[in-house]
Structures are given as C-alpha cells and as structure tokens.
Amino acid sequence: MNTNLLNTHWQRLPERTLRKLQAEKLRHYLHSTVIPFSKHYREMFQKRGISANSIRSLEDLEGLPFTSKLDLLNTPENSQRARDFILIPDEQVLKGRASTIARALFTGKNAVKAHFEREFRPIFMTSTTGRSADPIPFLYSGHDLDNLSSAGDRVMQVCGAQHDLKLLNMFPYAPHLAFWQVHYGATAFGLFCLGTGGGKVMGTDGNLRLIQKVKPDVLIGMPTFVYHVLQQAVELGMKFDHLKKLVLGGEKVAEGIRRKLRNLAHKVGSPNVEVIATHGFTEAKMAWAECPCPVDEQPSGYHIYPDLGMFEVVNPKTGVVMPEGNPGELVFTPLDARGSVVLRYRTGDYIDGGLVYEPCPYCKRTMPRLVGRISRSSEVKSMQLDKIKGTLVDFNQLEHVLDDAPNVGAWQLELRKHNDDPMELDEIILHVHKVNDVNEEKLRRELNNRFVERTEIHPNRIVFHDADEMRRLQGVGRELKEQKIVDKRPQRADGIHASPSELRLATPRSDSDSINRSADLETTL
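Residues numbered from 1 in each chain as written. Predicted model: local features only at pLDDT ≥ 70, side-chain atom pairs only at ≥ 80, totals over all residues. Heavy atoms only, no water.

Draft legend 1. Up close: the overall build of the protein chain. Helix and strand counts for the protein chain come out as 15 helices and 21 strands. Excluding contacts between residues fewer than 6 apart, the proportion of contacts in the protein chain whose partners are at least 24 apart in sequence is 66%. Surface exposure of the protein chain reaches about 23,700 Å², of which carbon and sulfur atoms provide 49%. (Helix = DSSP H or I, 4+ residues; strand = E, 2+ residues; numbered from the N terminus. Contact = heavy atoms within 4.5 Å. Areas by Shrake-Rupley, 256 points an atom, 1.4 Å probe, with all protein chains shown as cover.)

Draft legend 2. Region of the structure containing the pairing of strand S20 (residues 461-464). Here S20 shows one buried face, formed by Ile462 and Phe464, and one open face, formed by Arg461 and Val463. Sheet analysis places strand S19 (residues 426-434) next to S20, joined by four bridges and oriented parallel. Note on S20: the bridge partner recorded for Leu430 is Ile462. One crossover worth recording links S19 to the parallel S20 by way of helix H14 (residues 440-455), and it is right-handed. (Buried < 20%, exposed > 50% of the residue type's maximum accessible area, 1.4 Å probe, protein only. Pairing = 2+ DSSP bridges. Right-handed = clockwise from strand over helix to strand, strands pointing away.)

Draft legend 3. Geometry of the sheet that holds S19. The four strands lie next to each other as S20-S19-S18-S21, forming an open sheet whose pairing is mixed. Strands with a single pairing partner mark the edges of an open sheet, and in this sheet they are S20 and strand S21 (485-487). Going across the sheet, the axis of each strand differs from the next one's by a mean of 20°, ignoring polarity. Sheet analysis places strand S18 (residues 408-417) next to S21, joined by three bridges and oriented parallel. Across the sheet, residue Leu413 finds its bridge partner in S21, namely Ile485. Across the sheet, helix H13 (residues 395-404) lies against S18, S19 and S21, angled at about 145° from S18, the strand it touches most. Across the sheet, helix H15 (residues 467-474) touches S18 and S19, and the angle it forms with S18 is around 45°. (Axes fitted to C-alpha atoms, helices over the stretch in contact; angles between N-to-C directions.)

Draft legend 4. Layout of the sheet that holds strand S11 (residues 328-334). Taken in spatial order, the four strands line up as S10-S11-S12-S15 in an open sheet, and their pairing is antiparallel. The outermost strands of the open sheet, each flanked by one partner alone, are strand S10 (309-314) and strand S15 (374-376). Going across the sheet, the axis of each strand differs from the next one's by a mean of 40°, ignoring polarity. Bridge count between S11 and strand S12 (residues 345-351): four bridges; the pairing is antiparallel. Its bridge partner lying in S12, Phe332 is registered against Tyr345.

Draft legend 5. Representation of the packing of aromatic side chains. The tally for this structure, following the rule as stated, stands at 16 aromatic pairs. Taking the centre distance of 5.6 Å and the plane angle of 80° together, the rings of Tyr41 and Phe85 count as edge-to-face. Residue Tyr41 is located in helix H3 (residues 39-48), and its partner Phe85 is located in the loop between helix H4 (69-72) and helix H5 (91-95); the two are separated by 44 residues in the primary sequence. Like Tyr41, the residue Phe85 is buried in the burial classification. (Phe/Tyr/Trp six-rings, centres within 6.5 Å; stacked < 30°, edge-to-face > 60°.)

Draft legend 6. Representation of a nonpolar patch on the surface within the structure. Among the surface-exposed residues, Ile101, Leu105 and Phe106 lie close enough to one another that they form a single nonpolar patch of about 410 Å² accessible area. When you line up the elements, Leu105 lands in helix H6 (residues 98-107). (Patch = residues over 30% accessible without salt bridge, like charges linked within 9 Å, V, L, I, M, F, W, Y side chains within 5 Å. Salt bridge = Lys/Arg side-chain N within 4 Å of Asp/Glu carboxyl O.)

Draft legend 7. Seen up close, the pattern of salt bridges. This structure, assessed with the given rule, holds 27 salt bridges. Linking Glu117 and Arg121 is a salt bridge whose minimum nitrogen-to-oxygen distance equals 3.8 Å. For Arg121, a relative accessible area of 48% gives the class partly exposed. Residue Arg416 is joined to Glu414 by a salt bridge in which the shortest nitrogen-to-oxygen separation is 2.3 Å. Members of the salt-bridge network, linked through shared partners, are Glu119, Asp336 and Arg338.

Draft legend 8. Here's a closer look at helix H12 (residues 255-267). Between its first and last C-alpha atoms H12 spans 19 Å; for 13 residues at 1.5 Å apiece the expected length is 18 Å, and the two agree. Along H12, the residues classified as buried are Gly256, Ile257, Arg258, Lys260, Leu261, Arg262, Leu264 and Ala265. On its buried face, H12 sits against helix H11 (223-235), strand S6 (245-248), strand S7 (274-281), H13 and S18. Positive backbone phi, at 105°, marks Gly269, one or two positions downstream of H12. (Expected span 1.5 Å × (residues − 1).)

Draft legend 9. Local environment of the side chain of Lys481. Looking at the secondary structure, you find Lys481 in the loop between H15 and S21. Buried Lys481, no salt bridge; nearest opposite-charge side chain is Glu251, N-O distance 4.9 Å. In terms of polar contacts, Lys481 uses its side chain to reach the backbone carbonyl oxygen of Gly250, at 2.8 Å. (Lys, Arg positive; Asp, Glu negative; His and termini not counted. Polar contact = N/O pair within 3.5 Å; in protein donor to acceptor, adjacent residues only side chain to side chain.)

Treat this as a map of the structure, not an account of what it does.
Pasting the structure below:
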C-alpha cells in the first residue's frame, strides 16, 4: 500500500485502511531509521531477538516494551541517558543503501550529503519543564522542524483558522513545545502571529496593551493566564470586540474554565468567542487540537495526524491495549521523527473517553481522535486523612471541582504541614478569588460540599482574596506557568521533602460535618 496516503489524505482515511498504512509505515520507519541509528532501541531489539519485520500489524506493537520518563533520566552509571534516544546515523550504512547510491547518481554527492544533514543533524531543542525531575532535552533536525510546521499548520486547520485572522501567542517564551508549535504552525499556515512571551516577559499589562494595539482575532495561551488577562481587562473596563477564538494549551481545560472564559469575553465585547483546547507534550514534539463545537455540546476530542504518530490507550495497571472508546493511559509512538525518538512512550496521561476512529460529528474529518477529559497520574497522591489509614487524593478531580465552580474565579491549592512542623500531618489550604458577589460563608459551604462529593475530604482552610492578590499568589508575571497547586511544606531534618507516598493529611473539621475516617478512593491511575 502507498503510505503517502497517510500524508495526502490525513483527514479522510477509514480506520481499516489507516491502521494498515500505519503498520506498514511503522515497520519501514523501524527498519530504516530507528533500529540502525538509535543506540537504545538497537540494543533493545537485539536483546529481545526481534526485528522490524516482527511488526506486521498495529496489534504486534504490544510485543515492544514501553518507554517511560524513567528511561530518560540520568543515573550514576549513565549521565547522558537521553543521548541514547537520539538518532545518530551511521555514514557507512547510509552509503551502502541503494537509494543513496541512486540519489547520488542523479543529484550528486554534495546534494546527498546536504539531504542527510537536514534529515538527521540536530539544530533545535525543546525540553520538559523539569517540575518533577531535571529537564529532559528533545532534539529536532530540519526534518523535525518540517514536521513541527506541518503539525502546527494542521492545528490551525482543525481550529478553523482563516488566513485573514491575527493571532496573539501568549505562551511563555521558553524552550518548551507550546510557544514554538504556535510559532511554526502560524508561519506554515500563513497567519499573522505576534508572540508576547506570556506574563513573565511583558507582564499582564504589556499583553493588554498589545491586545488593544494589534486587535487580534485569536488569543492562544495557557488557560490560567488567558483568564487573568481577560479578568484584568474587565476590571479596567477595556473593550475587545474583535475576539473570535480563545485557543488553550499547557493545562487541563475543564468545562468550567471554558464557561468562565466565554463569560469574560462577553464582558469585554466578544459574546460569540469559540473556546478550543489543544493537547501536546515534549516527547511527541507536536500538539493536536479540537475542532470548534457548539457551546451547548461536548467537544469531539483531539484530532490526531496519522502520518506523524499514533496513540495506544492501555490499561495503566496491566499495559494491555484497550478497545476503541475505552478509557486508559495514553501511549505515543512517532512515525516520522528524527532527533530524539521514544517508542511506545507512556505519557502518564489518562483519557476517559479513549481513542476513536469514526468521523468527527462537527468537522466531519475521518481521523483518530482522543475523546474526553485528560488527567495526570502524577496528580494522584497518596495522603493520610488520619494516623491509621491512607487514601488516594486525585488532584485532577480537585482542579475540575474548582474550575467548574460557578462562583470561583482564580484559585490555588496550597499543601503545607500543620504548624509548619516537618513531622506533623499535612494540610490543604484553598485560596480563592470569589466572583459574582456571592456571600463568603455560602461559597465556603458550597466548596466544602463539592470537595466531599468528589474526594471525601475538606480543605483545612478556605482563604478569600481579591484578584490582585490571587495574581500575586499564582505568580502571574513571575512564573513561566501560573502556580495552581503549590507545596510549601518545610523540609525534614535530613533536608528532604516527604515523597507523595509519605503525605499525611491533617483531617479538617467543620461544625456541620467532620471526617473521622479514611477511604481508599477508587482510581484506575
């Protein structure tokens, strides 16, 4: 079969054809590119006694082991583990290929050398944020930048962009994927794009001034920062009647935050704005988008480009691939990457609607889609509600509880020790900017009830702040990413923070309801 169809017909291939083409492309990619030039995967395939020809269908992919972030972290024995995942071509292997010889005959040796330089030589880098471990670099060749541009161009298409729109890129200016995906995507699509660098470069005031001056049709950035910008615009009485789309990435996008952003956009004069979410991660070296959908309908999911990469959804406990439309952990495999390459990469992201292939109900594209909410396994923490028995607290759920609360604007969850004693139990303090002039005691009861319904815990304290104080707490204009969950527990005497498995939560009490038991929360993460 002609695997070029994955590229030329990326948005209109039926499932059966698409999966056959992907299996063929993957087999060729492994044989010609990954196994010969990746130290890690060459050794892995040799050790297991398998070859690229072992992959005859996508189901055969289950025979390959997973790759995780742990595989990329440095160890005392190997201080450059991430380097083992970089494709480093063997000149003799390339020279001996019939395709190389034929190309040299027709175009000359210098042209062939230039071609391989562009295909394999690293010229660009992004990295993980390093919040939970040291940042991990991911390298790009010129070939990868072409793919980044192609992926970005498709983000624009899926989002319904038009060439006469103006876009303000409000992602942080940093060696992280989001800013650069927008930059290369807008350039490839032919869209006017101005990058502000987010809050840390120009501050909220600087972003507001540019919005007034440029009058962009599209704002794209992290949900929390876009919220703060629009909230401050409302406070200052500004009017932005030119906004058509708010495109969000870098954080989870709950229905509540969509609703709040639409409400703020309405207050500044743009009542019909579309709110669209994207999803991406460093290891994939690309991002994907939802298409626009009616306000009263559920989004149809992230549209996946079948020629550039593929997802599996697996049971996070057993690793078994789940059937279409079932929840599980997202596992990613590229199909055309150079530079840094990871196969069957366990993202730690959990999708509750699974992977589907039927045509999108809104845009009618026929391509793989990731449907439903995405949550992070790293945000499920083991805590102790009393001194006897532990429970799992899903901070993904708490984020949705707060984002969906209609009378809550910005918020922050603060973890700290009782009395700031390293040996004491943990406390959760909720900082809130209330909106809609709601009574504080009424909102406090509402939030306590919401917490108990979803997580069976109370925050120990709820502290109300004005908008300026919440901006200060979240680090707007100081941090690359606004701080929604912070850990302020003091270190132990040995200088080490308690690990998530060591967290113990001081049980909060209230006059109306006290929690004197712990419960193991059911979770598949």
